[in-house]
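Residue strings, one per chain:
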Amino acid sequence: MTCKLERTSTCASSKGMGLLGILALVAAFAFGAVFFGPALAVDCVLVGIVEECIFTGAVFAVLSKYFTADAACEASETSEASETRAINATGTTNATGTTNATSAATVSRTKNAPTKTRSANAPVAKSAATTALLFALCHLAQPWKLPIAFVFSLCMIWLYRRSGSIMWPVCAHTVFDMLWFGLFALP
């Protein structure tokens with residue numbers, strides 16, 4: 001059976017940048033320009049915008065839609081199968097005229113039995129983990145950064161889902177990069 005459900009996303013829709021988000025990005029840029037120089041500030045802002053738009057804004061959103069639609073298809077197929085089993089369990093008369101010994105209570109229990117379904121957050125968790133893994137693999141040039149990049153990406157996805165805007169992960173990424181490269185002088 002083919003599932004023809006419309007693919008919908010469970011991730012928070014982008015509510016736009018908002019004045020507060022723009023001010024936060026400008027403040028992060030000004031902070032970086034004053035303390036670490038304008039070149040580093042521009043690099044950190046551009047990297048934050050590009051990486052978050054690609055990974056959090058595009059890859060996570062697409063994977064979230066895909067995994068959510070798959071889970072919805074599986075749930076609908078599971079419920080259809082249990083309804084079919086319940087209908088087949090009703091009392092039927094065979095060729096000799098004897099009735100199947102299924103009671104009405106058993107049939108109603110079967111119809112109303114909860115079906116095994118995944119948690120509603122499972123598609124989101126799967127898409128977040130896949131996105132974080134892709135983000136970490138893009139930082140493979142320095143393998144010691146992989147776990148840091150993976151956890152960092154999960155945090156940015158959480159911030160995106162919590163705020164509903166891509167602007168807050170961009171600001172957080174910018175500040176993180178400024179601290180990473182400017183303050184701590186890490187490669």
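The written sequence of each chain sets the order in which its residues are numbered from 1. A pLDDT threshold of at least 70 governs which residues receive local features in this predicted model, and a stricter bar of 80 or more applies before side-chain atom pairs are shown or counted, although totals over entire chains, interfaces and linings include all residues. Just so you know, side-chain values use all the structure's heavy atoms and leave hydrogens and water out.

Here's the deal with the packing of helix H5 (residues 146-163) against helix H6 (residues 167-183)
Part 1 of the argument: Here an angle of 0 to 180 degrees is reported between the N-to-C directions of two axes, which are lines fitted to C-alpha atoms, with helices fitted over the stretch in contact. Elements are defined by DSSP. Helices are runs of H or I of four residues or more, strands are runs of E of two residues or more, and each kind is numbered from the N terminus. At a closest axis distance of 8 Å, the pairing of H5 and H6 adopts a crossing angle of 150°. With respect to each other, H5 and H6 are oriented roughly antiparallel. In the crossing of H5 with H6, the sense of the turn from one axis to the other is right-handed. Along the contact surface, H5 presents Ile 148, Phe 152, Met 156, Leu 159, Tyr 160 and Ser 163, while H6 presents Trp 168, Pro 169, Ala 172, His 173, Phe 176 and Trp 180.
Part 2 of the argument: Residues are grouped as follows: Ala, Val, Leu, Ile, Met, Phe, Trp, Tyr, Cys and Pro are nonpolar; Asp, Glu, Lys and Arg are charged; every other residue, Gly included, is polar. Here the residues of the contact of H5 with H6 are counted per class, giving 10 nonpolar, two polar and no charged. Working rule for angles: under 35 degrees goes down as roughly parallel, over 145 as roughly antiparallel, 65 to 115 as roughly perpendicular, anything else as oblique. Left-handed describes a crossing in which the near helix is turned anticlockwise from the far one by less than a right angle; the clockwise case is right-handed. Contacts are assigned to residue pairs with any non-hydrogen atoms lying within 4.5 Å of each other.

Observations regarding the confidence of the model for the protein chain
Part 1 of the argument: Overall, the prediction assigns the protein chain a mean pLDDT of 76, with 66% of residues at 70 or greater.
Part 2 of the argument: For the protein chain, the element scoring lowest by mean pLDDT is helix H3 (residues 104-112), at 48; H5 scores highest, at 95.
Part 3 of the argument: For every residue, the predictor reports its confidence as pLDDT, a number between 0 and 100. For the stretch residues 1-14, pLDDT sits under 50, and the model shows 32 contacts to residues farther than four places along the chain or on other chains.
Part 4 of the argument: Here residues 103-110 is modelled with pLDDT under 50, and outside its nearest four sequence neighbours on either side it reaches five contacts, counting other chains as well.

Brief notes about H5
Part 1 of the argument: Expected helix span is given by 1.5 Å per residue-to-residue step, counting one fewer step than there are residues. Helix length check: H5, at 18 residues, gives a terminal C-alpha distance of 26 Å against a target of 26 Å (1.5 Å per residue), a fit within 8%.
Part 2 of the argument: Partly exposed describes any residue whose relative accessible area lies between the buried limit of under 20% and the exposed limit of over 50%, with all areas from a 1.4 Å probe on protein chains only and scaled to the type maximum. Within H5, the full set of buried residues consists of Ala 149, Phe 152, Ser 153, Met 156, Ile 157 and Tyr 160. Projected down its long axis, H5 carries its buried residues within an arc of 140°, all on one side. Summarising the geometry of H5, the exposed residues directed more than 90 degrees from the buried face are Pro 147, Trp 158 and Arg 162.
Part 3 of the argument: Within two residues after H5, Gly 164 carries a phi angle of roughly 80°, on the positive side. In this description, one arc is meant: the one made by directions from the helix axis to the C-beta atoms.

A word on the nonpolar core
Part 1 of the argument: What we call a nonpolar core is a set of buried Ala, Val, Leu, Ile, Met, Phe, Trp, Tyr and Cys residues that are connected through their side-chain atoms within 4.5 Å. Counting residues in each nonpolar core, the largest one holds 14 residues, and the members touching the most others are Leu 25, Phe 60 and Met 178.
Part 2 of the argument: Secondary-structure elements contributing two or more residues to this core are helix H2 (38-88), helix H4 (122-137), H5 and H6.
Part 3 of the argument: Setting aside anything within four residues of it in sequence, one finds Met 178 in contact with Ala 28, Phe 29, Phe 31, Gly 32, Phe 36, Ala 41, Cys 44, Val 45 and Leu 183.

Points about H6
An α-helical segment advances 3.6 residues per turn. Residues three or four places apart therefore align on the same side.
Part 1 of the argument: Counted at 1.5 Å a residue, the expected span for H6 with its 17 residues is 24 Å, and the 23 Å between its end C-alpha atoms agrees.
Part 2 of the argument: Here H6 has its buried residues at Met 167, Pro 169, Val 170, Cys 171, His 173, Thr 174, Asp 177, Met 178 and Trp 180.
Part 3 of the argument: Positive backbone phi, approximately 50°, marks Ala 185, located one or two places after H6.

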